[in-house]
Amino acid sequence: VSVYNALIDGFCREKRLQEVFRMLDEMAQRGIDPNAITYSTIINCLSDVGLVELVMAVWGKMFIKGCTPNMYTFSAMMKGFFLKERVSEGVGIWHRMIEEGHVPNVVAYNVLLGGLCRGGNTQKSMDMLDEMEKREIVPNVTTYSVIIDGFAKSGDLVGASQAWNRMVMSGCRPNVVVYTCMVDVLCRNLLFDQAHALIQKMADDKCAPNVITFNTLIRGLCEHGRVDFAVSILDMMENYGCSPDTITYNELANGYVVVGRWEEAFQVLGEMKEREIQMNAVTYNTLLHGCYRMNLLKEALQLVGEMVVRGISPDAFTYNCIIHAYCKLGKVNAAIELAEGGSACGDWKADVFAHTHIILGICDNFGVGDAVSYLQKMIEGGIFPN
RNA sequence: CCUAGCAACAAUCUUACG
């Protein structure tokens, strides 16, 4: 079993699901019973890729085979529901775990708190710290980072600060992740100078900022039109011995797009090539979006061509951006053709975003009546309107 | 009794409408 578990774990890390299930079959053929580790590994993997239905199928099969879930299994299950925002089902797993007499550990709590935060209940997750104390489970730095990130995502600086204080009071030392969450919440409150200062402070705290910390600040600045300030952060990074990565440059390109400075956005692409920073689909999608905003159709087509030549596959963002452009130009039929002719588009299938663009396009060009029938067709096609 | 051995948690980029 351990050998198979190790193999399954390897395939899981590479997201090679067919092989994972092939291993399971092979085990059955050889009469080797999967154990809780096997199921936990698989459920965790499926949860990570968002296949909740499959998760539930494996979970059910585990019971049929007479295998009992342990803490790892329950945590992996919860994570699967939470990542899909199915909070009540995740909490249901939690209660079942308790009922079956398991005493949750820190990791299980961290998963639960993360789920509550995702569901918009960050305050509740903060209150759970009391419950943890009662059960004599000591929150760790991950616990606090989950909560602080929850507050950060809703822009709640007061909440984040309270969680931070509680962390410090409990004697838990912040690490780079927690600091980065604080940088994030400061940025969301437009307190860029404080975010900048915090990065300097963390170094004194024997906690070196990393590329994610800087990217967080750069993203905040770019999002709010402060792209020049963002560019200056590159120097700061250098001082801290931190090299910009693909995401850094993608953010800067987007920063220029946001303020309509498309030439400089393209210069970012040039710089990436010069410095041999790997471009990815996001890089091209960002510029593509910029092109359409600025009505640069020739450049847009060139970009798609360059993308393909470099072996970067267009993804849903790419297709949706093209569909959006077609609709804006009144070429709704071309958009529909692209959405329906998924054959030439690899794995891609039109999603809610694509259909929404088309519906808006139909409204503008053919009237609401046709849009309603299109919506009807979309629903019949299994895509639910949001 | 000792030792070894497989699994679970956190932060950063791009698309519609608002």
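What you see is a predicted model; the values in this text were computed from it and never measured. (Residues numbered from 1 in each chain as written. Chains lettered and ligands numbered in written order. Predicted model: local features only at pLDDT ≥ 70, side-chain atom pairs only at ≥ 80, totals over all residues. Heavy atoms only, no water.)

## Topic: the overall build of chain A
Our working rule: Helical segments are the DSSP runs of H or I of at least four residues, strand segments are the runs of E of at least two, and each set is numbered from the N terminus. Whether two residues are in contact is decided by their heavy atoms, any of which lying within 4.5 Å being enough. Each accessible area value is a Shrake-Rupley result obtained with a 1.4 Å probe; residue values ignore everything except the protein chains displayed when judging cover. Just so you know, the count uses Lys and Arg for positive and Asp and Glu for negative, and it drops His and the chain ends. Taken as the charge centre is NZ of Lys, CZ of Arg, CG of Asp or CD of Glu, depending on the residue.
What chain A contains, in helices and strands, is 22 helices and 0 strands. C-alpha atoms of chain A, sized along the principal axes, occupy 65 × 55 × 40 Å. Intrachain contacts of chain A at a sequence separation of at least 6 include 60% that bridge at least 24 residues. Roughly 19,800 Å² of accessible area belongs to chain A as shown, and the carbon and sulfur atoms make up 54% of that amount. Averaged over its 33 positive side-chain charges, chain A has a centre that lies 3 Å from the centre of its 44 negative ones.

## Let's talk about a nonpolar patch on the surface
Operational definition: Patch definition: residues with relative accessible area over 30% and no salt bridge; like charges joined within 9 Å; nonpolar side chains (Val, Leu, Ile, Met, Phe, Trp, Tyr) joined within 5 Å. When a carboxyl oxygen of Asp or Glu is within 4 Å of a side-chain nitrogen of Lys or Arg, the pair counts as a salt bridge.
Nonpolar side chains collect at one region of the surface, where Val49, Leu51 and Leu54 lie side by side and expose about 200 Å² of accessible area between them. Secondary-structure assignment places Val49 in the loop between helix 3 (36-48) and helix 4 (52-64).

## Here's the deal with the side chain of Ser47
Here Ser47 is to be found in helix 3. In contact with Ser47, not counting residues within four places along its chain, are Val55, Ala76, Lys79, Gly80 and Leu83.

## Points about the protein's contact with RNA strand B
The test is simple: When we say a residue is near a molecule or strand, we mean one of its heavy atoms is within 4 Å of it. Whenever a nitrogen or oxygen atom comes within 3.5 Å of another N or O atom, the pair is scored as a polar contact, on the condition that within protein one atom can donate a hydrogen and the other can accept it, and that pairs from neighbouring residues in sequence are kept only if both atoms are in side chains. For this classification, Asp, Glu, Lys and Arg are treated as charged, while Ala, Val, Leu, Ile, Met, Phe, Trp, Tyr, Cys and Pro are nonpolar and the rest, including Gly, are polar.
Taken together, 45 residues lie near RNA strand B, and Ile37, Asn110, Ser145, Asn250 and Glu251 sit nearest. The sugar-phosphate backbone supplies 42% of the atoms of RNA strand B found within 4 Å of the protein. Asn44 places a side-chain nitrogen or oxygen 3.4 Å from a sugar or linking oxygen of RNA strand B. Take Ser145: an N or O atom from its side chain is 2.6 Å from a base nitrogen of RNA strand B. Residue contributions to the surface near RNA strand B peak at 5 residues, all from helix 9 (residues 141-153). Considering only residue class, the surface near RNA strand B consists of 13 nonpolar, 25 polar and 7 charged.

## A short note on the confidence of the model for chain A
Here is the rule: Values of pLDDT, the confidence the predictor places in each residue, fall between 0 and 100.
Predicted confidence across chain A gives a mean pLDDT of 92, with 98% of residues reaching 70 or more. In the predicted assembly, ipTM is 0.78 and pTM is 0.91.

## Topic: the packing of aromatic side chains
Note the cut-off: Each Phe, Tyr or Trp ring (for Trp, its six-membered ring) is paired with any other whose centre lies within 6.5 Å, and the angle between the two planes then decides the class: stacked below 30 degrees, edge-to-face above 60, tilted in between. Classification of residues uses two cut-offs on accessible area relative to the type maximum, computed with a 1.4 Å probe and protein chains only: under 20% is buried, over 50% is exposed, and between them is partly exposed.
If you walk through the whole model with that rule in mind, you get 6 aromatic pairs. Between Trp59 and Phe74, the aromatic rings sit 5.6 Å apart at their centres with planes inclined by 70°, giving edge-to-face as the arrangement. One end of the pair, Trp59, is in helix 4; the other, Phe74, is in helix 5 (residues 71-83), and 15 residues separate them in sequence. Between Trp94 and Tyr109, the ring centres sit 4.9 Å apart and the planes meet at 65°, which makes this aromatic pair edge-to-face. Here the residue Trp94 occupies a position in helix 6 (residues 87-99), and Tyr109 occupies one in helix 7 (residues 106-118), the gap between them amounting to 15 residues. As far as the burial class goes, Trp94 and Tyr109 line up, both buried.

## Side note on the nonpolar core
Test applied: To form a nonpolar core, buried Ala, Val, Leu, Ile, Met, Phe, Trp, Tyr and Cys residues must be joined to one another through side-chain atoms within 4.5 Å.
Membership of the largest hydrophobic core comes to 129 residues, with the highest contact counts inside it found for Ile148, Leu217, Ile233, Met237, Leu288, Ile323 and Ile358. Per element, the largest residue contribution to this core is 9 residues, and it comes from helix 11 (residues 176-188). Beyond its immediate stretch of four places on either side in the chain, Ile233 contacts His196, Phe214, Leu217, Ile218 and Leu221.

## A closer look at the pattern of salt bridges
As a working rule, side chains carrying opposite charge can pair if their charged atoms are close by. Under the defined criterion, the tally for this structure stands at 23 salt bridges. A salt bridge links Arg219 to Asp184; the shortest N-O distance between them is 2.5 Å. Highlighted residues: Arg219 in helix 13 (residues 211-223) and Asp184 in helix 11, separated in sequence by 35 residues. For Asp184, a relative accessible area of 5% gives the class buried. Between Arg310 and Glu306 there is a salt bridge, and its shortest N-O distance comes to 3.4 Å.

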